[in-house]
Amino acid sequence: MIRDNKKGHSFVKTTRQNSFFEHRYKSFCQHSPDGIFSLSLEGVFTDVNPALVALCGHSKSQMIERSYTDYIPTERLNENIALIQLTKKGSVQHIQTEFLHVDGHFIQIDLTTIPIIVDQEVLGIQGIIKDVSNESARQNQIEEMTYYDPLTKLPNRNLFNIRLKELLEQTDDNHCQLALLFIDLDRFKLVNDTLGHSAGDQLLKVVAHRLKENLNEEAFVARLGGDEFVLVLGETDQPEAAIIAQTIIKAIAKPIRINEQNFLITPSIGISLHPHDGNDPSMLVRSADIAMYQAKEKGRNCYQFYLQSMGEQTKRKLEMERALRESLINNDFILHYQPQVDLELDRITGLEALVRWEHPLLGLIPPLEFIPLAEETGLIVPLGEWILRAACQQFHLWLERGCSLTRLSVNISVIQFDQDNFCQRVIEILEETELDPEYLELEITESQMLNFDSVIDKIKNLRSKGVKIAIDDFGTGYSPLSHLRQIGIDTLKIDKGFITNICNNPRDKVIVQSIVYMAQMMKLNLIAEGVETAEQLKLLVGENLKEVQGFYFSRPLPFLELESLLFK
Ligand code: C2E
Ligand code: MG
Ligand code: MG
């Protein structure tokens, strides 16, 4: 049969070689982790490997003789047909597409098609399929992390910047106005600090939801971070932006239920209009931000359009903030002390520490001009610690030098008091300065009592260590008597507003009388603040008041002047 020996030998070798390659190819297909298939020139499956069966869930027999295009979503048919045509012409092709799973959903795949060429003729097509669903899920995840806020699922600052830029380009083409609303929640930090971060998070989610549900399709809302949201209204005008701002204020004002408690939160909204208040995204955001600060100054829970004059005011405020930060590093603060006089003992028994800012250029700045800014920026926390430490240190020195003082009063801001580690810091400072806790009286205001539960624990904790608590400016706020009794405090300081008019306003006199009566019943110390005249003093003595503080005796004094009073 084999006539040509040489030829016959090579034929046997080639046949063996072919079967070797065929065997290797089959084994490769069988064990490949990627799906491999063969198509006829008509695009019909002629072979599929186990990995492809596992990937798409269709059995081999279901697939053989069916068209490749039966497994491709309609919207991707054209590109897949083109791919097969090009492969048929002899080139290797590559595409990311989708493939039908037996469940009915489409799998994301990476497909390479290779022409099967024998004797320079394309006889069929071979395909390799890689499942990239996971990769595309990961890609989606990366995209989500880059462009969306994980808490509220709103677009984040990145996506906001991109969308705003796009919107501005469109707006320029159409010559129409665009409004940017900068929304900041009022006193959110306080909510976060007092109720915990998880309650704060829940609150932000509710606010985000309310913002979204009150907007139409064209509006765009994003969370910039913290409690700051922005909203962009395309093709709008000033009256419409005002209406939207009012709607948002109303929507956010509804009580928010967290942990079976109702919370109220309000927004301050600043609005800038394109093109008037800024031509590019950063200018528009800056203008709206400045307007938002003005809304806060106006008393919060309101909206404010940007005005050119606001830029200057905000610049000044920012400069103040920077100076305040620098002064904190450079220690540009001093304490003055105002004596508290015991009328029965007829001598100074207590001192109230009052901070002053020695501004390098502006001179001595009174606390009411910078404490609110320090509170807003959180700088009150380090400043408050400095005040407490400096006052305790100084008071301890005076005691060591033989002064018979019994009380050091230190004012504590609500922000400072609400810090989780507040009590611990007070005790540490007392230890550091070696001042006996019995001497220290912390002055808090009635407004601090609103977060009743957290306040009561802190006060109990501090009092158990011997520290005393006074309610400052008493009579100006709303603190139910039951609260005072439950909390357990040591001293009430009658607000100086009542003392100022005590001689000529019978109503104020009655209020003072009832406070005196109440303090007696509750066995509290009572101090009248702001006593300026002998007449006021006489009247207070008549009302059985034992301790007073005011310009009549002494203004708050720098420590050297005070020493000459203490050691005269
Ligand atoms: P306050 O704690 O009620 O302090 C009393 C304020 O009344 C002081 O003003 C004092 O100078 C003033 N004063 C005292 N006697 C009289 C008087 O007879 N007539 C008048 N008209 N005023 C009198 P100051 O030092 O300007 O402090 C104002 C407020 O600033 C303080 O009110 C307190 O709320 C806050 N503050 C002062 N120092 C500190 C501090 O160290 N920390 C904190 N958190 N707040 C402080
Ligand atoms: Mg005070
Ligand atoms: Mg006061």
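Concerning the sheet that holds strand β1 (residues 35-39)
Taken in spatial order, the five strands line up as β2-β1-β5-β4-β3 in an open sheet, and their pairing is antiparallel. Lying at the two open borders of the sheet, with one neighbouring strand each, are β2 (45-48) and β3 (93-100). On average, each strand axis in the sheet is inclined to that of its neighbour by 30°, with strand direction left out of account. Strand direction decides the pairing type here: β3 and strand β4 (residues 106-118), joined by eight bridges, are antiparallel. Paired with Gln93 across the bridge in β4 is Thr113.

A short note on the coordination of the magnesium ion (ligand 2)
Taken together, Glu352 (OE), Asn411 (OD1), Glu443 (OE) and Asp472 (OD) make up the full set of protein donors to the magnesium ion (ligand 2), lying 2.0 to 2.3 Å away. Between the two metals, the magnesium ion (ligand 2) and the magnesium ion (ligand 3), the spacing is 4.0 Å, and Asp472 donates to both. A residue pair is termed long-range when its members are at least 10 positions apart, and Glu352 in strand β14 (residues 347-359) and Asp472 in strand β18 (residues 468-474) qualify at 120 residues. Owing to a relative accessible area of 2%, Glu352 belongs among the buried residues under this scheme.

Concerning the side chain of Glu547
In this structure, Glu547 sits in strand β21 (residues 547-549). For Glu547, a relative accessible area of 11% puts it in the buried group. When neighbours within four sequence positions are excluded, Glu547 is seen to be in contact with Val341, Asp342, Thr349, Arg407, Asn525, Leu526, Ile527 and Ala528.

So, helix α4 (residues 77-88)
Each turn of an α-helix holds 3.6 residues, which means side chains three or four residues apart point in the same direction. Here α4 is 12 residues long and its end C-alpha atoms lie 16 Å apart, about the 16 Å a rise of 1.5 Å per residue gives. Looking only at α4, the buried set comprises Asn80, Leu83, Ile84 and Thr87. Projected down its long axis, α4 carries its buried residues within an arc of 95°, all on one side. Check the buried side of α4 and you find it contacts β1, β3, β4 and β5 (121-131).

Description of the domain arrangement of the protein chain
Along its sequence, the protein chain is carved into domain 1 (19-131), domain 2 (138-309) and domain 3 (325-566). When each unit is reduced to the centre of its C-alpha atoms, the spacing between domain 2 and domain 3 is 40 Å. At the junction of the two partners, domain 2 supplies five residues and domain 3 supplies seven residues. Counting the surface lost from both domain 2 and domain 3, the interface buries some 550 Å², and carbon and sulfur atoms represent 53% of this. Taken as a group, Leu190, Asp193 and Thr194 account for 66% of the area that domain 2 buries against domain 3, more than any other trio of residues on that side. Remark: the boundary between domain 2 and domain 3 carries zero salt bridges. For the interface between domain 2 and domain 3, the tally reads zero residue pairs in polar contact (both at pLDDT 80 or more). Here the side of domain 2 that touches domain 3 takes four residues from helix α7 (residues 188-195), the largest share from any one element.

So, how was this worked out
- All chains use their own residue numbering, which begins from 1 and follows the written sequence.
- The naming scheme follows written order: chains are lettered A onward, ligands numbered 1 onward.
- Only residues with pLDDT of at least 70 get local features here, since the model is predicted, and only at 80 or more are side-chain atom pairs given and counted; chain-wide, interface and lining totals rely on the full set of residues.
- Where side-chain values are given, they derive from all heavy atoms of the structure, hydrogens and water being excluded.
- We call two strands paired when DSSP finds no fewer than two bridges between them.
- The helix count covers DSSP runs of H or I at least four residues long, the strand count covers runs of E at least two residues long, and both are numbered beginning at the N terminus.
- Between N-to-C directions, angles span 0 to 180 degrees; the directions come from axes that are lines fitted to C-alpha atoms, helices contributing only their stretch in contact.
- Nitrogen, oxygen and sulfur within 2.8 Å of a metal are treated as its donors, or within 3.2 Å for sodium, potassium and calcium (Na, K, Ca); water is not counted, so a site can appear incomplete.
- Note on classification: 1.4 Å probe, protein chains only; a residue is buried when its accessible area is under 20% of the maximum for its type, exposed when over 50%, partly exposed between these limits.
- Here, residues are in contact when the closest pair of their heavy atoms is within 4.5 Å.
- Every helix has an expected span of 1.5 Å times one less than the residues it contains.
- Our arc is simply the arc of the directions from the helix axis toward the C-beta atoms.
- As used throughout, domain bounds are those supplied by an automatic or database domain assignment.
- Summed over both partners, the accessible area lost on bringing two parts together, with a 1.4 Å probe, is the buried area.
- Any carboxyl oxygen of Asp or Glu within 4 Å of a side-chain nitrogen of Lys or Arg constitutes a salt bridge here.
- Two N or O atoms count as a polar contact when they lie within 3.5 Å, although within protein this holds only if one can serve as hydrogen donor and the other as acceptor, and sequence-adjacent residues are included solely when both atoms are side-chain atoms.

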